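Okay, here's what each chain looks like letter by letter:
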Amino acid sequence: MTEQALSYVDTHFSRFVEELKDLLRIPSISTDPDYAPEVRRAADWLADHFRKLGFPKVEVFETEGHPIVYAEYTVDATRPTVLVYGHYDVQPPDPLELWTSPPFEPEIRDGNLYARGACDDKGQLFMHVKAAEAYLKTAGTLPVNLKFLLEGEEESGSVHLAPFIEAHRELLAADVVVISDTAMFAPGVPSITYGLRGLAYVEVELTGPARDLHSGVYGGAVENPINVLARLIAGLHDEDHRITIPGFYDDVRPLTEEERRTFRELPFDEKAWMEEIGVSAVRTEKGYTILEAITARPTLDVNGIWGGYQGKGAKTVLPAKAGAKISMRLVPDQDPDDIVEKTRRYFEQKTPPTCKLRFTSLHGGHPVLVDTRHPAMQAAAEAMARVFGRRPYFTREGGSIPVVADFKRLLGLDSVLMGFGLNSDAIHSPDEHFGLDRFRQGIESIVHFLERYGQRPT
């Protein structure tokens, strides 16, 4: 059955690419209300596509935001059930002037498909759709029971996804979740992500005087909120680049020696990595390598800061307010709510009486670790080895996919993060692209995965 499906992929691959182009032409930008009709159009396009493939159960569920597309193909109860998660919404394409070709007019250059959403995540979710098609059009059935859960709000916070999952536990019941929304370790170096960092995101605002003041008339007697905020932010790390918030590391699960050995074995070119991002030196937490620091240790970064005059020329102002947005990447077993409260206490205790503090928690997510011995993880590793000619590495990523923790918390399901992107694919940036070779390799790997996991007894 697998060989026939792979032959189908080879024969119809050009059509798959053209169909993906059609989906990419829909500007499904979830964060901008003006594009709500386009997000809806993308949902309807996917639902119609599932129906044409013969999925007997397809539904577009309404939420208070953008719709969720659900499709199901049940073989029989003796087969394991795979739930595929993906998202059909995309980031805004701005700045438009930096795109070589228009973001919603897909173009192939040097073997790469350029468009907003090409990799994140339309191209990657579509691999699963096409792998299912390859089986349905050749064998007339699937090796597993297959469910798709495709949301339209991932790029704007997935606000309505967890409530949907909680309200539809029975509908979404499965043995494992598979997600392709991550990157391979390097070109030609396949990997499966077994760990993701969590997230705590806060906003801090300090207010001093009731209005902006003349710095010459009032400076020296009125405390400047920007100066205060700068001191507080500077104090968030010590000389070893460790975070100074009291209790921040209390629940951090230490890296095992086996994990650290795995990091050392990964084919990581430190010099090339530094050159690619344009830095001549790095700053990691003392005692940890770059790879450990960017994937498996907690972090704190200021993502934005504002206050005072920022226009051209000079304006001698003592500002009334100053603010910053701060994100903290978390590792097992840190809890985002706990970290937010510890961060709040830090700022409350450090803010002098000359300023008023407004502290806001914006959003967060829990960190995740998946046992690499899980049958689905092993099936995915065997599948990718067949396609790439080498067994994939099990890696951890520094980013966060909150729904992975939601699947575990609400459904009790582990997730296989089987991604085929590259960090150089410019997701969220101008000229986002996806290599057509990886689009094909992804479909073929999923074909093998479905066959291998389908052989697992329930």
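As the structure is a prediction and not an experimental result, all values here were calculated from the model. (Residues numbered from 1 in each chain as written. Predicted model: local features only at pLDDT ≥ 70, side-chain atom pairs only at ≥ 80, totals over all residues. Heavy atoms only, no water.)

1. What to know about the sheet that holds strand β13 (residues 321-330)
The condition that has to hold: Here a strand pair is declared whenever DSSP counts at least two bridges between the two strands. Only runs of H or I of at least four residues qualify as helices and only runs of E of at least two qualify as strands under DSSP, and these elements are numbered from the N terminus. In this analysis an axis means a line fitted to C-alpha atoms, helices contributing only their contacting stretch, and an angle means the value between N-to-C directions, from 0 to 180 degrees. Whether two residues are in contact is decided by their heavy atoms, any of which lying within 4.5 Å being enough.
Read across the open sheet, the four strands follow the order β11-β13-β9-β14; overall the sheet is antiparallel. A single partner strand is all that each edge strand has here, and the edge strands are β11 (299-307) and β14 (356-365). Pairs of neighbouring strands in the sheet enclose a mean axial angle of 15°, with direction left out of account. In terms of strand pairing, β11 meets β13 through eight bridges, oriented antiparallel. Across the sheet, D301 pairs through a bridge with S327, a residue of β13. Its contacts with the sheet put helix α6 (residues 225-234) on β9 (198-207), β11 and β13, and the angle it makes with β13 is roughly 15°.

2. Description of the pattern of salt bridges
Worth spelling out the cut-off: Any Lys or Arg side-chain nitrogen found within 4 Å of a carboxyl oxygen on Asp or Glu counts as a salt bridge. Categorising residues by exposure relies on relative accessible area from a 1.4 Å probe, with only protein chains included: less than 20% of the type maximum marks a residue as buried, more than 50% marks it as exposed, and the intermediate range marks it as partly exposed.
Overall, the coordinates contain 32 salt bridges when judged by the stated rule. Ionic pairing is found between E285 and R242, a salt bridge with its closest N-O pair at 2.9 Å. Highlighted residues: E285 in the loop between α8 (270-277) and α9 (290-295) and R242 in the loop between α6 and α7 (257-265), separated in sequence by 43 residues. For R242, a relative accessible area of 31% translates into the label partly exposed. Residues joined in a network through salt bridges with shared partners are R15, E19, K130 and E133.

3. Quick look at the sheet that holds strand β18 (residues 433-435)
In spatial order, the strands read β4-β5-β18; together these three strands make up an open sheet with antiparallel pairing. Looking at strand neighbours, the two that pair on one side only are β4 (107-109) and β18, the edges of this open sheet. Going across the sheet, the axis of each strand differs from the next one's by a mean of 30°, ignoring polarity. Sheet analysis places β4 next to strand β5 (residues 112-114), joined by three bridges and oriented antiparallel. By the bridge assignment, E107 is partnered in β5 with Y114.

4. Focus: a nonpolar patch on the surface
Keep this limit in mind: Patches here are clusters of residues that have more than 30% relative accessible area and form no salt bridge, with a 9 Å joining cutoff for like charges and a 5 Å cutoff for nonpolar side chains (Val, Leu, Ile, Met, Phe, Trp, Tyr). A 1.4 Å probe and the Shrake-Rupley method give the accessible areas. Residues count as covered only by the protein chains that appear here.
A surface patch of nonpolar side chains, about 210 Å² in accessible area, is lined by I277, V279 and V282. With respect to the element layout, I277 can be found in helix α8.

5. Re unusual backbone geometry
Here the bond from D120 into D121 is cis, since omega is 0°, no more than 30 degrees from zero. As for its position among the elements, D121 is in the loop between β5 and α3 (122-138). If you check the backbone angles, H241 has positive phi at about 60° while not being a glycine. As for its position among the elements, H241 is in the loop between α6 and α7. Among the residues examined, H241 registers a relative accessible area of 26% and is labelled partly exposed.

6. Quick word on the environment of I26
Relative to the elements of secondary structure, I26 occurs in the loop between α1 (2-24) and α2 (36-53). On the accessibility criterion, I26 (2% relative accessible area) is buried. As for I26 and E38, which are separated by twelve residues in sequence, their C-alpha atoms are 6.3 Å apart. In contact with I26, not counting residues within four places along its chain, are E38, R41, A42, W45, F104 and K122.

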